[in-house]
Amino acid sequence: MRLLIAGWQGQLARALVETASSRTDISALALGRPALDLCEVRAIERALTENRPDVVINTAGYTAIDAAEDEPGRAFALNRDGARLLAEVAARRGVPVIHMSTVNVFDGSKPAPYAETDKASPVNVYGASKLAGESDVQEANPCHVILRTSWIISPYRNHFIASVLQKMRSGDVLRMVTDQRGSPTYAPDLSVAVFDIAARAHTARGNLSSSLWGTYHIANAGEPATWHDLASQVLCAAGHQAAAIDIERIATRNFATRASRPANAALDTSRLAATLGVTLRDWRAATSDAVQRLTTHP
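Just so it is clear, the structure is predicted and the values come from calculations on it, not from any experiment.

**Considering the overall build of the protein**
Okay, step 1: The helix and strand inventory of the protein stands at 10 helices and 13 strands.
Okay, step 2: Taken against the 2.2 N^0.38 rule, which gives 19 Å for 298 residues, the C-alpha radius of gyration of the protein at 19 Å falls within 12% of a compact globule.
Okay, step 3: Based on the C-alpha atoms only, the size of the protein along its principal axes is roughly 60 × 40 × 40 Å.
Okay, step 4: Expressed as a percentage of contacts within the protein between residues at least 6 apart in sequence, the contacts between residues at least 24 apart total 83%.
Okay, step 5: Averaging the positions of the 31 positive and the 30 negative side-chain charges in the protein gives two centres separated by 3 Å.

This is the structure we're talking about:
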């Protein structure tokens with residue numbers, strides 16, 4: 001199965017490339033700008049013509065949530081217009097697309113985890129641009145799978161878990177929000193599930209009536225976590241060296257950001273499990289694996 005991954009710098013794109021390297025049944029190529037510029041239809045056409053993918057996976061986009069408040073044009077150009085162009089070009093070639101989206105399409109006011117049938121109502125520009133992208137992908141390519149995720153974490157440097165470990169080592173004060181909660185999603189686990197779904201999309205290619213096509217929520221299992229919970233699990237997995245570290249509990253109002261975040265970013269993944277039989281392990285176990293990787297190969 002030949003896969004073309006739009007985007008190559010993000011946590012999921014890195015995990016997809018890493019996972020594919022150990023698979024003999026998958027040939028995966030991750031491309032970013034300028035080779036695959038979502039704002040240039042000719043670049044998209046060239047990338048698909050040259051690489052002849054069986055499935056396209058779109059991990060690319062504008063992900064700077066705070067900056068998007070001041071750059072809505074750029075956010076919509078990538079997350080809506082670029083997503084539509086990629087889906088259109090793929091559709092003309094009969095290629096299914098897996099489009100990655102986000103829990104930020106919801107406002108966070110629901111007390112329970114969000115299901116696919118819940119009304120989307122973004123509280124920030126980023127979420128609005130991703131929601132618009134979902135709609136355009138649905139219209140542009142009937143053979144689509146949209147995957148909404150929450151709080152992606154990974155074993156890579158310069159991301160949340162590595163940052164917590166670095167602060168621990170340097171003795172910096174850890175301050176973590178306790179009034180936001182979400183469903184941590186481990187990028188390597190997510191990559192395995194995405195490849196599973198890609199294989200199903202490849203099999204269903206051209207079958208417009210397949211029950212596969214549609215929108216799903218995907219995240220690691222386990223009770224929703226706050227950022228404080230997630231950081232605490234990182235320190236717990238780090239062992240004795242973290243035993244004396246205290247994490248200061250703070251409220252969202254004391255952690256100023258340009259963009260609002262949904263207070264509830266937890267996802268109900270039961271449709272994915274019931275329809276496709278796809279589940280991810282508990283986020284605590286995944287977090288421990290990430291800590292192990294980062295402490296073994298810092």
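After presenting the structure, the write-up continues.
**A word on the pairing of strand β2 (residues 27-31)**
Okay, step 1: Of the strand pairs in this sheet, strand β1 (residues 2-6) and β2 are connected by five bridges, and their pairing is parallel. What sits directly across from Leu-3, in β2, is Ala-28.
Okay, step 2: Once the chain exits β1 it traverses helix α1 (residues 11-20) before rejoining the sheet at β2, and the crossover so formed is right-handed.

**Some points on the packing of α1 against helix α7 (residues 187-203)**
Okay, step 1: Running from N to C, α1 and α7 cross one another at 65 degrees; their axes reach a closest spacing of 8 Å. In terms of orientation, α1 lies roughly perpendicular with respect to α7. Between α1 and α7 the crossing geometry is right-handed. Between α1 and α7, the contacting residues are Gln-11, Leu-12, Ala-15, Leu-16, Thr-19 and Ala-20 on the first element and Ala-187, Pro-188, Leu-190, Ser-191, Val-192, Val-194 and Phe-195 on the second.
Okay, step 2: Among the residues making up the contact of α1 with α7, the classes are represented as 10 nonpolar, three polar and no charged.

**Points about the side chain of Glu-134**
Okay, step 1: With respect to the element layout, Glu-134 can be found in helix α5 (residues 125-140).
Okay, step 2: Overall, Glu-134 belongs to the buried group, its relative accessible area being 2%.
Okay, step 3: Contact partners of Glu-134, with chain neighbours within four places excluded, come to His-99, Ser-101, Val-105, Ile-146 and Arg-148.

**Remarks on the sheet that holds strand β11 (residues 225-226)**
Sheet strands associate in pairs through backbone hydrogen bonding, adopting either a parallel or an antiparallel arrangement.
Okay, step 1: The strand order β11-β8-β13 describes an open sheet built from three strands, whose pairing is mixed. The sheet is open, and its two borders are formed by β11 and β13 (264-265), each paired with just one other strand.
Okay, step 2: Sheet analysis places strand β8 (residues 181-182) next to β13, joined by two bridges and oriented parallel. Paired with Gly-182 across the bridge in β13 is Ala-265.

**Observations concerning the environment of Ala-132**
Okay, step 1: With respect to the secondary-structure elements, Ala-132 resides in helix α5.
Okay, step 2: C-alpha separation for the pair Ala-132 and Ile-57, spaced 75 residues apart in sequence, amounts to 18 Å.
Okay, step 3: Setting aside residues up to four positions removed in sequence, Ala-132 forms contacts with Phe-76 and Arg-80.

**Focus on the pattern of salt bridges**
Okay, step 1: In the structure shown here, the tally under the stated rule is 18 salt bridges.
Okay, step 2: With its nearest N and O atoms 2.9 Å apart, the salt bridge here joins Arg-293 to Glu-18. Of the two residues, Arg-293 sits in helix α10 (residues 283-296) while Glu-18 sits in helix α1, which places them 275 residues apart along the sequence.
Okay, step 3: Residue class for Arg-293 comes out partly exposed when judged on its relative accessible area of 33%.
Okay, step 4: One salt bridge in this structure joins Arg-92 and Glu-45, with 3.1 Å as the shortest N-O distance. Here the residue Arg-92 occupies a position in helix α4 (residues 72-92), and Glu-45 occupies one in helix α2 (residues 41-51), the gap between them amounting to 47 residues.
Okay, step 5: What you see here is one network of salt bridges that share partners, running through Arg-80, Asp-81, Arg-84, Glu-88 and Asp-136.

**Notes on the sheet that holds strand β3 (residues 55-58)**
Okay, step 1: Read across the sheet, six strands follow the order β2-β1-β3-β4-β5-β10 without closing on themselves; strand pairing throughout is parallel. The outermost strands of the open sheet, each flanked by one partner alone, are β2 and β10 (214-217). On average, each strand axis in the sheet is inclined to that of its neighbour by 20 degrees, with strand direction left out of account.
Okay, step 2: Pairing analysis gives four bridges linking strand β5 (residues 144-149) to β10, with the strands arranged parallel. For Ile-146, the partnering residue across the bridge sits in β10 and is Thr-215.
Okay, step 3: Contacts from α4 reach β1, β3 and β4 (97-102), with the element oriented near 175 degrees to β3.
Okay, step 4: The strands that α5 touches are β4, β5 and β10; relative to β4, the one it contacts most, it runs at about 155 degrees.

Cut-off values and rules
- Residues numbered from 1 in each chain as written.
- Predicted model: local features only at pLDDT ≥ 70, side-chain atom pairs only at ≥ 80, totals over all residues.
- Heavy atoms only, no water.
- Helix = DSSP H or I, 4+ residues; strand = E, 2+ residues; numbered from the N terminus.
- Rg over C-alpha atoms; globule rule 2.2 N^0.38 Å.
- Contact = heavy atoms within 4.5 Å.
- Lys, Arg positive; Asp, Glu negative; His and termini not counted.
- Charge placed at Lys NZ, Arg CZ, Asp CG, Glu CD.
- Pairing = 2+ DSSP bridges.
- Right-handed = clockwise from strand over helix to strand, strands pointing away.
- Axes fitted to C-alpha atoms, helices over the stretch in contact; angles between N-to-C directions.
- Parallel < 35°, antiparallel > 145°, perpendicular 65-115°, else oblique.
- Left-handed = near helix turned anticlockwise from the far one by under 90°.
- Nonpolar A, V, L, I, M, F, W, Y, C, P; charged D, E, K, R; others polar.
- Buried < 20%, exposed > 50% of the residue type's maximum accessible area, 1.4 Å probe, protein only.
- Salt bridge = Lys/Arg side-chain N within 4 Å of Asp/Glu carboxyl O.

By themselves, these figures tell us nothing about what the structure is for.
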